[in-house]
Amino acid sequence: MPIVAAVLALLPWVAPSQALSVNILLYGLFATGFNLLFGYTGLLSFGHAAFFGAGAYGAGIALAHYGVGWFGAIFIGVGVAGMLALLIGAVSIRSRGIYFSMVTLALAQLVYYAAFQATDWTGGENGLRGLTVSVLSLGPISLNFLDPTTKYYVLFAFVMFALWLLSRMLNAPFGAAMEAVRENESRARACGFDVRLIKLIAFVVSGLVCGLAGSLNALHLSIVPIDTLYYQTSGLAVMMALLGGAGTFLGPFIGAAIFLLIEDIFSLWTPHWQLFVGIIFMLAVLFMPRGVWGTLAGWYRERRA
Amino acid sequence: MELDLILAQLFTGVALGAVFVLMSVGLSVIFGMLGIVNFAHGAFYMIGAYVGIFVLTLTGSFWIALALTPILVGVFGLFVERILVRPLYGRGPDYPLLLTFGLAYALVELVRVVFGSDGVPFDTPELLAGGFDLGDLGYYPAYRLFVIAFTVLILLVLWVVIERTRFGLIVRAGARDPRILSVLGIDVARVWLLAFGIGTGLAALAGLLAAPMRSVNPEMGVAVLVEAFVVTVIGGMGSLLGGAIAGMAVGIVVSLTSLWMPQMATMSMFALMTLVLIIRPQGLFGRDDLAR
Amino acid sequence: MILSVDCLVKEYGGFVALADVTAEFPRGQMTAIIGPNGAGKSTFFSLLSGAIAPSAGRIIFEGANITGLPQFRFARQGIARSYQITNLFPRLTAHENVRLACQALSASARGDLWHDRSYHYGLAETADACLEQVGLLPRRLIEVSRLAHGEQRALEIAVALAGSPRLLLLDEPTAGMSPEETKQMMDLIARLATERTVLLVEHKMKLVMGLADRILVLHHGRLLASGTPDEIRADTQVRRVYLGEGRSGRG
């Protein structure tokens, strides 16, 4: 946790562009939410776009259609994502093992199609517009959200708060229970853990975190594109978490940085940068399954031991 | 709503279902033997359509394309299994799944590089361009009847292979318990290779058959991958019969829903899946222990 | 009676794995369950630990009908089991394995999302006490995958001991052990049995005969005989189907 805080606090000063550092921050949080389920609980979801998108649309609709303040909008976004995670989680954890990835993907696509149809609320394929926030006021404080540095550190504060809560959960007995489910589900059940409940709680918390990432992203972009809910977005979280190191706290942020850097660099000379992302991801699955940070941490631990 | 319209729509549903069935059977063959979910299945479907177009423009014959495409893509599938998937056996089901996801990601982009990002038209073959006047039932495109008939033919061939040949015996035994194969002294690696090849070949065939009915573009695999998953979850993973029945059911439900509530058509299948998951989590024909 | 089963049946799509077993288990006694491979011993254990639900019949534990409850309820009622094939959390340490088992049975700790793990230091102490009972305390910080086979078997027992179960189900605790290790394990089981009710599946007949108070013999999913070791030794049916073929292998 302190490492993550330090790295992210310094990020705007080392990243090549302001936009990149905000993206690393927000997509890193998104991948962290996914990682909670995949890396810590052992459930590979391919539907986390639904929660990222629910957060974005929840906050966006509150801002654009109902004139809710920015702070309240974030809460609404997170709440909507949490409710959706409760619903999707309750259905998908009924499916066991290999089905889980398929079911989460299918249910997320359902959310995508639903948002696509509900044009009055979501703007359909044009995306949701009209939610520009330029000044953040909360009580006596008023901040200029258009200033990139201010923007970064406001978002940073939210991300840090979420990460702090998460680190409490992971270090608490519940975090140990999640690991038990990941390591050996049948033994966890035999020991007396209510595995289904643990999975559902992990799923909902994961959805809440992704929802926060989505809400903040909506504020950041001032628009919610329909692609936010698409399969590709779910894949983004999967790739980032795995590249950086699933099951590690810093990994998803490292992964987000790697992914976004690849995108930045390769897209300079080819519009087909995704080809390289796909190949690099396959290489990582084959040769570096613990991801960059997971591998480094493994080396460090072995050298000490 | 008139009865003949409903019946025509029902046939459309069956044709759509035929594509789902081929996809789902391909997924099930791979899962049944290798125990992995192929996330690149939609990409192989899309490649099937493009390879079909390629062969078609080269030879000018739909029938040669129909024969060659599954073989070409199936052979490509063999290489994928041998080079990319095989090193991952023994690392649990998640890593092959992640790898095939990455493969699909790269393949979609590769097709964009070669064929461009825009959709490509795929004309219905001349011989099947017409339609049948079904009297009171209305007018029905011949191509769809052909798709249904051809799928039935493929399923029959598959059924004969599985029920009547030595390879089929191995597949059935392996699907029940992979350990049996090594006890019997069968080269498991070769069976896996072949199963992956057949599965990807079936996906390519589905893509080619669907091409004249649905649009051909690099993203066409995503929607069908999800549809195939829905069908497989409903039918039960690893069950060919389940896949066939669920495929038809989903095709019909989607078609009939689009008659009454067009905007709900794509969503109806998810409702069906959710219902099945709540009532019978292992799928209609799935065995309880396979999903563990 | 701490446990009684009434007409217990388990079918798998027409195949009867366990047919109509009725038995009672007195508190404080050690009962051994024997029978050839495929006799239904594992199925019986899976039913008693709640891992699978019976097709018919009832399981009464301490006077309460627990048939059909989820497995974690069985554990929380005070029934713990060990596995024939080592079934632990392989990437965690010996201590963490037992601590998790303690946590699962502690109402105040298992759902705690807030306090650090060290806040529940009582669990760690209980875990170490369990490790000490099986002689693994010096190895507490070793990862399971790096423990020797005999140590993993002992850890199986320690995990089962977490939360002080009143009924302990041991599935072939000496599987794959050397004669030396087997003797140590049997001594340990004898010690454990002085404080709680133990059910034991074991293939090595001699060990069971000297240790158990009562023996159940399963054959083709049916209860063939039950009684004291002497009664079982004298039973002609048992001699025919079980003891007679004992020489030819594990059966």
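As a reminder, the structure under discussion sits directly above these lines.
Residues numbered from 1 in each chain as written. Chains lettered and ligands numbered in written order. Predicted model: local features only at pLDDT ≥ 70, side-chain atom pairs only at ≥ 80, totals over all residues.

Q: Provide a residue-level description of the packing of helix α1 (residues 3-34) of chain B against helix α10 (residues 240-260) of chain B, including the pertinent values.
A: The axes of two packed helices give the description: the angle between them and the distance between them. As a packed pair, α1 of chain B and α10 of chain B sit with axes 6 Å apart at the nearest point and diverge in direction by 145°. Considering the relative orientation of α1 of chain B and α10 of chain B, their crossing is right-handed. (Axes fitted to C-alpha atoms, helices over the stretch in contact; angles between N-to-C directions. Helix = DSSP H or I, 4+ residues; strand = E, 2+ residues; numbered from the N terminus. Left-handed = near helix turned anticlockwise from the far one by under 90°.)

Q: Please provide a residue-by-residue account of the sheet that holds strand β2 (residues 15-25) of chain C, values included.
A: All names here are of chain C. Overall, antiparallel pairing links the 4 strands, which are arranged β2-β1-β4-β5 in an open sheet. The strands lining the two open edges of the sheet, one partner per strand, are β2 and β5 (64-65). Relative to β2, strand β1 (residues 3-12) runs antiparallel, the two sharing 7 bridges. Note on β2: the bridge partner recorded for glutamate 11 is valine 16. Set on the sheet, helix α1 (residues 41-48) makes contact with β1, β2 and β4 (56-61); between it and β2 the angle comes to about 60°. (Pairing = 2+ DSSP bridges. Contact = placed C-beta atoms within 7 Å.)

Q: Go over the arrangement of the chains with me, naming the residues and quoting the values.
A: When the 2 pairs of chains in contact are compared, the highest contact count belongs to chains A and B. Kept free of each other, chain B and chain C leave a smallest C-alpha distance of 10 Å between them.

Q: Run through the interface of chain B and chain A, naming residues and quoting values.
A: Facing 37 residues of chain B, the contacting portion of chain A comprises 34 residues. Looking at the side of chain B that touches chain A, the elements with two or more residues in it are α4 (94-115), α9 (220-235) and α11 (265-279) of chain B. At 14 residues, α4 of chain B tops the list of elements feeding residues into the side of chain B that touches chain A. Here the side of chain B that touches chain A is built from residues that sort into 27 nonpolar, 5 polar and 5 charged. (Nonpolar A, V, L, I, M, F, W, Y, C, P; charged D, E, K, R; others polar.)

Q: Before we move on, could you go through the pairing of strand β1 (residues 135-138) of chain A and cite the residues and values that matter?
A: All names here are of chain A. The pairing of β1 with strand β2 (residues 141-144) spans 4 bridges and is antiparallel. Counterpart to leucine 136 in the pairing with β2 is leucine 143. In this structure, the hairpin formed by β1 and β2 is closed by a connection of 2 residues, where glycine 139 is found at a positive phi of approximately 60°.

Q: Can you break down the sheet that holds strand β6 (residues 79-81) of chain C residue by residue, with the values?
A: All names here are of chain C. Taken together, 6 strands build an open sheet; the order of strands is β6-β7-β8-β3-β9-β10 and the sheet is mixed. Since the sheet does not close on itself, it has two edges, and those belong to β6 and β10 (222-227), each with one partner. Taken pair by pair, the neighbouring strands of this sheet meet at an average axis angle of 20°, ignoring direction. Note that strand β3 (residues 30-34) and strand β8 (residues 197-201) share 4 bridges and pair parallel. Bridging across to β8, alanine 32 finds its partner in leucine 200. Docked against the sheet, helix α6 (residues 179-193) engages β3, β7 (167-171) and β8, running at close to 150° with respect to β8.

Q: Please set out helix α1 (residues 2-14) of chain A residue by residue, giving values where relevant.
A: Residue and element names in this part refer to chain A. In a regular helix each residue adds 1.5 Å, so 13 residues correspond to 18 Å; α1 covers 18 Å between its end C-alpha atoms and thus fits that length. Along α1, the sharpest change in direction is near 25° and occurs at leucine 8; proline proline 12 comes one to four residues later. Where α1 is buried, its residues contact α2 (18-41), α7 (148-171) and α12 (251-266). (Expected span 1.5 Å × (residues − 1). Bend = angle between axes of the 7 residues up to and from the residue.)

Q: Describe the environment of asparagine 35 of chain A, and please don't skip the residues or the numbers.
A: Residues and elements named next belong to chain A. Of note, asparagine 35 is situated in helix α2. When the 32 C-beta atoms within 10 Å are taken as the criterion, asparagine 35 is described as buried. Separated by 210 residues in sequence, asparagine 35 and glycine 245 have C-alpha atoms that sit 8.9 Å apart. Once residues lying within four places of it in the same chain are set aside, the contact partners of asparagine 35 are Tyr40, Ala241, Ala246, Gly251 and Pro252. (Buried ≥ 20, exposed ≤ 12 C-beta atoms within 10 Å, placed from the backbone.)

Q: Account for the packing of helix α4 (residues 70-92) of chain A against helix α5 (residues 99-117) of chain A, naming residues and giving values.
A: Residue and element names in this part refer to chain A. Contact geometry of α4 with α5 gives a least axis separation of 10 Å together with a crossing angle of 145°. Judged by the sense of rotation from one axis to the other, the crossing of α4 with α5 is right-handed. Contacts from Ile88, Val91 and Ser92 of α4 reach α5 at Phe100, Val103, Thr104 and Leu107. Of the residues that constitute the contact of α4 with α5, the class distribution is 5 nonpolar, 2 polar and no charged.

Q: How would you summarise unusual backbone geometry if you had to cite specific residues and measurements?
A: For serine 222 of chain A, which is not glycine, the phi dihedral falls at a positive 60°. Its place among the elements puts serine 222 of chain A in the loop between α10 (195-221) and α11 (231-244). For serine 164 of chain C, which is not a glycine, the phi torsion comes out positive at approximately 40°. Within the secondary structure, serine 164 of chain C is located in the loop between α5 (149-161) and β7. A count of 15 C-beta atoms within 10 Å places serine 164 of chain C in the partly exposed class.

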